Amino acid sequence: MTLLDKDADPSGESRGGNNIGGEMVVLDGVEKWFGKLHVLQNINLTVRQREVVVVIGPSGSGKSTLCRTINRLETIDQGSITLDGQPLPEEGKELARLRAEVGMVFQSFNLFAHKTILENVTLGPIKVRKRSKSDAEKRARELLDRVGVGHQADKYPAQLSGGQQQRVAIARALAMEPKVMLFDEPTSALDPEMIKEVLDVMVDLAEGGMTMIVVTHEMGFARTAADRVVFMSDGAIVEENDPETFFTKPSSDRAKDFLGKILKH
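Residues numbered from 1 in each chain as written. Predicted model: local features only at pLDDT ≥ 70, side-chain atom pairs only at ≥ 80, totals over all residues. Heavy atoms only, no water.

Secondary structure assignment for the protein yields nine helices and ten strands. The C-alpha atoms of the protein give 18 Å as radius of gyration, which agrees with the globular expectation for 265 residues (18 Å, within 12%). Taken along the three principal axes of its C-alpha coordinates, the protein extends 55 × 45 × 40 Å. Out of the 265 residues in the protein, the part that is buried amounts to 51%. Carbon and sulfur atoms make up 47% of the accessible area of the protein, which totals about 12,400 Å². The protein carries 34 positive and 39 negative side-chain charges, and their two centres are separated by 4 Å. (Helix = DSSP H or I, 4+ residues; strand = E, 2+ residues; numbered from the N terminus. Rg over C-alpha atoms; globule rule 2.2 N^0.38 Å. Buried < 20%, exposed > 50% of the residue type's maximum accessible area, 1.4 Å probe, protein only. Areas by Shrake-Rupley, 256 points an atom, 1.4 Å probe, with all protein chains shown as cover. Lys, Arg positive; Asp, Glu negative; His and termini not counted. Charge placed at Lys NZ, Arg CZ, Asp CG, Glu CD.)

Turning our attention to the pattern of salt bridges. Enumeration over the complete set of coordinates arrives at 13 salt bridges. Between Glu 177 and Arg 131 there is a salt bridge, and its shortest N-O distance comes to 3.2 Å. On the criterion of sequence distance, the pair formed by Glu 177 in the loop between helix 5 (162-174) and strand 7 (180-184) and Arg 131 in the loop between helix 3 (117-127) and helix 4 (133-146) is long-range, its members being 46 residues apart. In this structure Glu 177 comes out as partly exposed when scored by relative accessible area, which is 45%. Arg 131 sits in the partly exposed class, given a relative accessible area of 32%. With a shortest N-O distance of 3.5 Å, Arg 139 and Glu 142 are connected by a salt bridge. Here the residue Arg 139 and the residue Glu 142 both occupy positions in helix 4, the gap between them amounting to three residues, near one helical turn. Residue classification places Arg 139 among the partly exposed residues on the basis of a relative accessible area of 23%. (Salt bridge = Lys/Arg side-chain N within 4 Å of Asp/Glu carboxyl O.)

A few words now on the environment of Phe 112. With respect to the helices, strands and loops of the structure, Phe 112 is situated in the loop between strand 6 (102-105) and helix 3. Considering only alpha carbons, one finds Phe 112 and Glu 193, 81 residues apart in sequence, at a separation of 24 Å. Excluding anything up to four places from it in sequence, Phe 112 contacts Asn 120, Leu 123 and Pro 157. (Contact = heavy atoms within 4.5 Å.)

Right, let's talk about the side chain of Arg 167 for a bit. On the secondary structure map, Arg 167 appears in helix 5. Residue Arg 167 is classed as buried on the basis of its relative accessible area, which comes to 10%. Engagement of the side chain of Arg 167 in a polar contact is seen with the side chain of Glu 197, the distance being 3.0 Å. Not counting chain neighbours up to four residues away, the residues in contact with Arg 167 comprise Val 147, Gly 148, Val 149, Glu 197, Val 198 and Val 201. (Polar contact = N/O pair within 3.5 Å; in protein donor to acceptor, adjacent residues only side chain to side chain.)

So, on to the UniProt feature "domain: ABC transporter" (unreviewed entry) in the protein. As annotated by UniProt and renumbered to match this structure, "domain: ABC transporter" (unreviewed entry) occupies residues 25-259. This span, residues 25-259, is 39% helix and 26% strand, and a straight line between its end C-alpha atoms measures 27 Å. (UniProt positions renumbered as here; feature names shortened; annotations may be inferred.)

By convention here, two paired aromatic rings are described through the distance between centres and the angle between planes. The tally for this structure, following the rule as stated, stands at three aromatic pairs. Seen in terms of ring centroids, Phe 231 and Phe 246 are 6.0 Å apart; in terms of plane orientation they differ by 35 degrees. Their pairing is tilted. Of the two residues, Phe 231 sits in strand 9 (residues 228-233) while Phe 246 sits in helix 8 (residues 243-248), which places them 15 residues apart along the sequence. Members of the aromatic cluster, each reached through a chain of ring pairs, are Phe 231, Phe 246, Phe 247 and Phe 258. (Phe/Tyr/Trp six-rings, centres within 6.5 Å; stacked < 30°, edge-to-face > 60°.)

This brings us to helix 6 (residues 192-207). Over its 16 residues, helix 6 extends 23 Å from the first C-alpha to the last, a length consistent with the 22 Å expected when each residue adds 1.5 Å. Every buried residue of helix 6 is listed here: Met 194, Ile 195, Val 198, Leu 199, Val 201, Met 202, Asp 204, Leu 205 and Ala 206. On its buried face, helix 6 sits against strand 3 (52-56), helix 5, strand 7, strand 8 (211-215) and helix 7 (219-225). Backbone geometry just downstream of helix 6 places Gly 209 in the positive-phi region, at approximately 100 degrees. (Expected span 1.5 Å × (residues − 1).)

The structure is reproduced here in structure tokens:
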């Protein structure tokens, strides 16, 4: 069962059989400094509707910063970012509205410890989307069922495993009905046996047609679920290609070196 169904678009087709549509996220000449450290260097990247883009690279290459600029958790110093044709707002209500359109799942689960699982998932739709409590709870239970934790709805986060908490975090993001989902190393804090249960949910999302930008070290996910792999190093996009080409015939020495190290383990 896929988590989402999207209307077909004849303009392209992805690995999962989803038709890829128009431009959803566009980064144009994006530059970012932390003091003297140039963390994003002339980033040009377009992610289309229903496309799954996986961003990989060594630690410190700017992957997470790139992800966080797309909903303005990090500001940029130069360039522009648009979401579904609209520039990212600077602040205030427009920025809050934008963040409702961009779901984000972090390395840490960021659930409210004093609220039940159901309350965690319904809070945003009720407060931001102005859904009725009954409608929000109905949708939340559907999403919790689909990510495999529906039976945990009345528990608190501390009563769940890390993998279960991360699946709740995904359901919470989906409850806002976002146009795009950002995943910033969503499995890196999990025990190995929990990683698969989270990746399975993400694969299901990808097959259902959700637009996704995923920063991850999980090369298996990149090979099977991505439409495109973006490789970053030292704040720059070094190369991007379809997974098969990237993993079998990387064009840059930097990517060859990176793959040579990680694929041997």
